[in-house]
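Structural overview
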Amino acid sequence: MRTVTSLIAALAVSLLSATAFSGPAAAETTTLRMAWYSDGNEGEVMADLLRRFHEQNKDIDVVLDQVPYKAINENLPMQLASGQGPDIARVVDMGGLSRYALDLRPLLKDPSYWETNFGPFLEWMRPPGAPQAIPGFMTQLTVTGPFVNKTLFEQAGVAMPGEKATWEDWAKAAKDVASKVQAPFPLALDRSGHRFYALAVSQGTQVFGANGEPDVVDEGFKRAAQLVYDWHKSGVMSKELWGSVSGTAYRGANDEFKNAQVVMYLSGSWQIAQFAKTVDNAFDWVAVPNPCGTGGCSSMPGGAGLVAFKTTQHPKEVARVMEYLASEPVLAEFYSRSLFVPGHLGLAKKGIDYPTASPEAAAALKVFTASAAALSPIAYRTQGYGNSRIIFNAVISRLGQAVSGETTLEDAYKRITADVAQQIAERNKK
């Protein structure tokens, strides 16, 4: 689903079909480019908001280049490193791309508004050594958690585990259901380091040592890795998902879930809008709180930030676009129409109305919002760490090799430790 050869190729195609919010540019018109990926309908919503921005600001055209997630995650960093990236982009690896971020603070009319409403999340995207920088804002706050096919549980006559149930409880229940209804995937977990940490944090991993540096393979980490390894051996998880790709490649189970092949799917709140549309009335689905372990029941936070880049030749115009999109009424509409958990503290406190949400989507939003309020400090710290992507990629690559039988778990642990140390050292040299 998320495949592309290069960001250049994706943008070349998008030049033919990109949404440009004006007719022929006048001589005094500034054209900006925004790279954007979508999980659900948020690209459509953003396109509409940008059209309205242009109606009020005829001197600025914004071209929305909608590209696959992989282009943002894997190819955009190379473009930014060469000084050829877009003016603005929706990104997930905010810490990893922070060195390219533009500090909007001197250009904003009211920096205090940004500090008040985006403060905790600004730390995720600030460049090293710039504790006051304002590079962008959160298009969404995401929270990991499981989606469950309630209909399959009912057909199997198996009761869903209740509040505070453990990962082992859910794995057993999902396996029981799958065997009775012949579902091929009892438990699916995104092949993603970030999603793995929703399990690892619940198993008590601390991620960092006493010196503040990464100490990835601790006892909590090993408990989580052993669960994933054992689940693949016992058939709770299918190698058809994790084994279909290699290296750091992402693999979700969206299609399998919407086709009623998955009993329980660990993904996150960003899937709500998609499942509300693709599942529709095919079966009943619910979101449930993150299962528990010896380390608690915390999910992993995350999200996507809309970030401005210092390579832009039009910083003042970029700031005007960002101020418009980050304003409370515009952002409230964006969250509401996209069915996103707000990454704006003021709006989170007031609450967001979701008039277009189906009953299932509305209930799921309530579950994920509650999970967001119960996130552990280590989950926030891990997500906000500037080298988190290095950790996530090393973990998923080496753990994937163990699951596929290419290596042992013990060898995977050694390679994860070595990979993280080597890649952080290489980044620090740049």
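Since the model is a prediction, treat every value here as computed from it, not as a measurement.

Rules behind the numbers
- Per chain, residue numbering runs from 1 following the sequence as it is written.
- Local features in this predicted model are restricted to residues whose pLDDT is 70 or higher, and side-chain atom pairs enter the listing and the counts only when it is 80 or higher, whereas totals over whole chains, interfaces and linings include all residues.
- Excluded from the side-chain calculations are hydrogens and water; all other atoms, namely the structure's heavy atoms, are used.
- Each residue gets one of three labels from its accessible area relative to the maximum for its type: buried under 20%, exposed over 50%, partly exposed in between, using a 1.4 Å probe on protein chains only.
- Numbering of helices and strands runs from the N terminus, with a helix taken as a DSSP run of H or I at least four residues long and a strand as a DSSP run of E at least two residues long.
- Note that the arc is computed from the directions linking the helix axis to the C-beta atoms.
- For this analysis, residues touch if any pair of their heavy atoms sits within 4.5 Å.
- Domain delimitation in this document rests on an assignment produced automatically or drawn from a domain database.
- Buried area, as used here, totals the accessible surface that two parts lose on assembly, with accessibility defined by a 1.4 Å probe and the loss added over both.
- Salt-bridge detection follows one rule: a side-chain nitrogen of Lys or Arg within 4 Å of a carboxyl oxygen of Asp or Glu.
- We call two N or O atoms a polar contact when they sit within 3.5 Å, provided that within protein one can donate a hydrogen and the other can accept it, with sequence-adjacent residues counted only if both atoms are side-chain atoms.
- As a working rule, the residues Ala, Val, Leu, Ile, Met, Phe, Trp, Tyr, Cys and Pro are called nonpolar, Asp, Glu, Lys and Arg charged, and the rest polar, with Gly in that last group.
- The angle between two axes is taken between their N-to-C directions and runs from 0 to 180 degrees, where each axis is a line fitted to C-alpha atoms and a helix contributes only its stretch in contact.
- As a per-residue measure, pLDDT reflects the predictor's confidence and takes values from 0 up to 100.

Our focus in this paragraph is helix H16 (residues 377-384). By the burial criterion, the buried members of H16 are Ile378, Ala379, Thr382 and Gln383. Along the axis of H16, the buried residues cluster in a sector spanning 130 degrees; they form a single face. Contact partners of the buried residues in H16: helix H4 (111-125), helix H7 (193-202), strand E9 (301-308) and helix H17 (388-403).

In this section: the domain arrangement of the protein chain. Under the domain assignment used here, the protein chain contains domain 1 (30-141 + 303-350) and domain 2 (145-301 + 359-428). Distance between the C-alpha centres of domain 1 and domain 2: 28 Å. Contact residues are listed per partner, giving 17 residues for domain 1 and 17 residues for domain 2. A combined buried area of about 1600 Å² lies between domain 1 and domain 2, and 57% of that area is made up of carbon and sulfur atoms. Where domain 1 meets domain 2, there are zero salt bridges. Our count for the contact surface shared by domain 1 and domain 2 stands at one residue pair in polar contact (both at pLDDT 80 or more). For the side of domain 1 that touches domain 2, the secondary structure elements donating two or more residues are helix H3 (69-81), H4 and strand E5 (136-149). Of the residues contributing to the side of domain 1 that touches domain 2, the split by class is seven nonpolar, six polar and four charged.

Once that is clear, we can look at the packing of helix H12 (residues 315-326) against helix H13 (residues 328-338). Running from N to C, H12 and H13 point in directions that differ by 65 degrees, and their axes come no closer than 5 Å. Across the interface between the two elements, Tyr324, Leu325 and Ala326 from H12 touch Glu328, Val330 and Leu331 from H13.

Time to look at the confidence of the model for the protein chain. On average, residues of the protein chain score 92 in pLDDT, and 93% of them are at 70 or above. Contacts for the low-pLDDT stretch residues 1-26, under 50 throughout, to residues beyond four places or in other chains number 48 contacts.

A few words now on the pattern of salt bridges. By the definition in use, this model includes 18 salt bridges. Here Lys70 and Glu74 are joined by a salt bridge, their closest N and O atoms 3.8 Å apart. Linking Lys70 with Glu74, this pair stays in helix H3, spanning four residues, or about one helical turn. Overall, the relative accessible area of 34% leaves Glu74 in the partly exposed class. Across the salt bridge formed by Asp176 and Lys172, the nearest N and O atoms sit 3.2 Å from each other. In this pair, Asp176 and Lys172 both sit in helix H6 (residues 167-181), four residues apart, roughly one turn of the helix.

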